[in-house]
Amino acid sequence: MCRCRSLNAIWEDEYNQSKECEGCGLNYIVNRTYDRNAIEEIEYIIPKAIKTCDGCGHEFEYMIENLCTDCENKYSYGE
């Protein structure tokens, strides 16, 4: 179940790959591994969205705009 409360089926070929929630569009990965006793282990990962800043070209963790925090402060209006 996603944090938006949507149930998303995970088919055999979708483990260990990026998947999108059908309800809210959140990207996540369901990693499935087996230990040496053949016991299945499941780990849910929500990867960070990394973007390239339109202002300076550096990579940053995407929030809302396509500018990093430094460029957003530099180009914002007012003090």
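The structure under discussion appears in the preceding block.
Conventions used here
Residues numbered from 1 in each chain as written. Predicted model: local features only at pLDDT ≥ 70, side-chain atom pairs only at ≥ 80, totals over all residues. Heavy atoms only, no water. Pairing = 2+ DSSP bridges. Helix = DSSP H or I, 4+ residues; strand = E, 2+ residues; numbered from the N terminus. Core = buried A, V, L, I, M, F, W, Y, C linked by side-chain atoms within 4.5 Å. Buried < 20%, exposed > 50% of the residue type's maximum accessible area, 1.4 Å probe, protein only. Contact = heavy atoms within 4.5 Å.

Peer 1: What is the right way to look at the pairing of strand 3 (residues 40-45) in this model?
Peer 2: Residues in a regular strand point their side chains to alternate faces of the sheet. Of the pairings in the sheet, the one linking strand 2 (residues 27-34) to strand 3 comprises six bridges and is antiparallel in character. Each bridged residue has a counterpart across the sheet, and for Thr33 the counterpart in strand 3 is Glu41. Taken together, strand 2 and the strand that follows it, strand 3, pair antiparallel across an intervening segment of five residues, in which Ala38 is found at a positive phi of about 65 degrees.

Peer 1: Would you take a moment to explain the environment of Cys68 for this structure?
Peer 2: With respect to the secondary-structure elements, Cys68 resides in the loop between strand 5 (59-61) and helix 1 (69-75). Spatially, the C-alpha atoms of Cys68 and Cys56 are 8.2 Å apart, while their sequence positions differ by twelve residues.

Peer 1: Could you clarify how one ought to interpret the nonpolar core in this entry?
Peer 2: In globular proteins that are soluble, nonpolar side chains generally tend to be buried together. One finds Cys2, Tyr15, Cys21, Leu26, Tyr28 and Val30 forming the largest nonpolar core, which totals six residues. Not counting residues up to four positions away in its chain, the partners in contact with Val30 are Ile10, Tyr15, Asn16, Gln17, Ile42, Glu43 and Tyr44.

Peer 1: What is the right way to look at the pairing of strand 2 in this model?
Peer 2: Strand direction decides the pairing type here: strand 1 (residues 18-20) and strand 2, joined by three bridges, are antiparallel. The residue bridging Ser18 from the neighbouring strand is Ile29, located in strand 2. Connecting strand 1 to the next strand, strand 2, in antiparallel fashion are six residues, including Gly25 with a positive phi near 85 degrees.

Peer 1: Teacher, can you tell me more about the environment of Cys56 here?
Peer 2: Mapped onto the secondary structure, Cys56 falls in the loop between strand 4 (50-52) and strand 5. Spatially, the C-alpha atom of Cys56 lies 7.1 Å from that of Cys71, the residues being 15 residues apart in sequence. Apart from residues no more than four positions distant in its own chain, Cys56 is found in contact with Cys68 and Cys71.

Peer 1: Explain unusual backbone geometry to me, please; I cannot follow it from the model alone.
Peer 2: Glycine aside, the phi torsion of most residues is negative, and most peptide linkages are trans. A positive phi angle, close to 80 degrees, is found at Arg5, a residue other than glycine. Of note, Arg5 is situated in the segment before strand 1. Taking the relative accessible area as the measure of exposure, Arg5 reaches 63% and is therefore exposed. Positive phi is not limited to glycine here, since Asn16 has a value of about 65 degrees.

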